[in-house]
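The lines below spell out each chain.
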Amino acid sequence: MNRFLARRFAYSLVTLIVLSLLVFFLGQVLPGNVGRNILGPFADQQAVDALNHQLGVDRPLLVQYGTWIWHFLQGDMGRSYIYGAPVADFVVPALVHSVKLAAVAFLLVVPLGILGGVVAALNVNRPLDRVISLGGLSATVLPEFVTGIVLILVFGVWLRWLPISAAWPNGAGPVTQLYYLILPAIPLVFILFGYIARMARAGMVEALDSDYTRTAILKGLPWRQVIWRHVLRNAVLPTITVIASQTGYLIGGLVVVETLFRYQGIGSLIYDAAKGKDFPVLMAGVLVIGIIYAVATLLADLLYSLLNPRIRIASQ
């Protein structure tokens, strides 16, 4: 077990190192000049050069990368080039907002996805199975801005059941925040439902066709007990990896949803930082998302191995 987790941790660490290198060096090729973006297009070139030197962006790239990653490992994300404030003051609140939205989406889509996959598997090759599978696949390919605009028009403008903006009032409590997050969470449910339902259906079909299920049926166990005690535990295993793989997207890949609903999450923060060449904010935001994704994947591997010892033994 320890060897299995150590190997997974090593993979995650290598992935984070590669991610930090990619985000740093790809950020350098973005068009524009940091000093010019801050001082404006009419600033004197000497002032622009002096500001670039003060910020350290005129140093060799390897030196810049080494300084940044060393400070990041010590908990210092640096200071924003544009606002001159600590990067953590922007990343942490934006991350909290994105986590709230991701949590609401997860609470909606995970039970719905698993339930849809189970129902489809119990009715395999029947009309209900085709409706769930085709509906989930169709919802997956719809872009977020399409479903988001339709939802805003229907529930926000015509019916006026939900607010069209996810920006809740200052001092709002958990219930009010949840009310404001329901509408932007629904496009995420549409996207993820198909993935989760398809994997749950595949696991359920495989479990129903297994030897241990046949043995349980031959023993005379009630069908409900066979499903709950022998089938579901193995059927949900494939969905664990899918759910974990979507964690990074739900937290950091919501630029369209956050922009459409005027929500100040980490996805929109990274997008704004990329436009303004605010490298410290951009790099810290992307790396934080990478860390969350790596931790979620590692926890999924741990849970998967605990539920399925064969995976743990095969990895030794």
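Being a predicted model, the structure only gives us computed values, none of them experimental.

A. Quick look at the packing of aromatic side chains. Within the structure shown, the criterion is met by eleven aromatic pairs. Consider the rings of F25 and Y65, whose centres lie 6.1 Å apart with planes at 25 degrees: the pair is stacked. Placement of the pair is F25 in helix 1 (residues 2-28) and Y65 in helix 4 (residues 61-73), with a sequence separation of 40 residues. Residue class for Y65 comes out buried when judged on its relative accessible area of 13%. Taken together, the ring pairs connect F24, F25, Y65, W68 and F72 into an aromatic cluster.

B. Quick look at the nonpolar core. Judged by nonpolar contacts, the single largest core of 56 residues is most densely connected at W68, V91, L101 and I266. Top element by residues in this core is helix 8 (residues 174-208). It accounts for ten residues.

C. Layout of the packing of helix 5 (residues 88-122) against helix 14 (residues 266-275). Here helix 5 crosses helix 14 at 140 degrees, and the two axes come no closer than 7 Å. With respect to helix 14, the axis of helix 5 lies oblique. In this structure, helix 5 contributes F90, V91, A94, L95 and S98 to the contact, and helix 14 contributes I266, G267 and L269. Residue classes in the contact of helix 5 with helix 14 are distributed as six nonpolar, two polar and no charged.

D. Just helix 3 (residues 45-55), in detail. For helix 3, the complete set of buried residues consists of V48, L51 and N52. Within helix 3, the buried residues cover an arc of 100 degrees as seen down the axis, which keeps them to one side. In helix 3, the exposed positions that point more than 90 degrees away from the buried face belong to Q46, H53 and Q54. Turning to helix 3, the residues buried within the fold contact helix 2 (34-39). Of the residues flanking the end of helix 3, it is G56, one or two places downstream, whose phi is positive at about 85 degrees.

E. Representation of the environment of L39 within the structure. Turning to its location among the elements, L39 is positioned in helix 2. Sequence-distant contacts of L39, that is, excluding residues within four places in its chain, are made with A47, V48 and L51.

Definitions and limits used
- Residues numbered from 1 in each chain as written.
- Predicted model: local features only at pLDDT ≥ 70, side-chain atom pairs only at ≥ 80, totals over all residues.
- Heavy atoms only, no water.
- Phe/Tyr/Trp six-rings, centres within 6.5 Å; stacked < 30°, edge-to-face > 60°.
- Helix = DSSP H or I, 4+ residues; strand = E, 2+ residues; numbered from the N terminus.
- Buried < 20%, exposed > 50% of the residue type's maximum accessible area, 1.4 Å probe, protein only.
- Core = buried A, V, L, I, M, F, W, Y, C linked by side-chain atoms within 4.5 Å.
- Axes fitted to C-alpha atoms, helices over the stretch in contact; angles between N-to-C directions.
- Parallel < 35°, antiparallel > 145°, perpendicular 65-115°, else oblique.
- Contact = heavy atoms within 4.5 Å.
- Nonpolar A, V, L, I, M, F, W, Y, C, P; charged D, E, K, R; others polar.
- Arc of directions from axis to C-beta.

As far as function goes, none of this settles anything; it's purely spatial.
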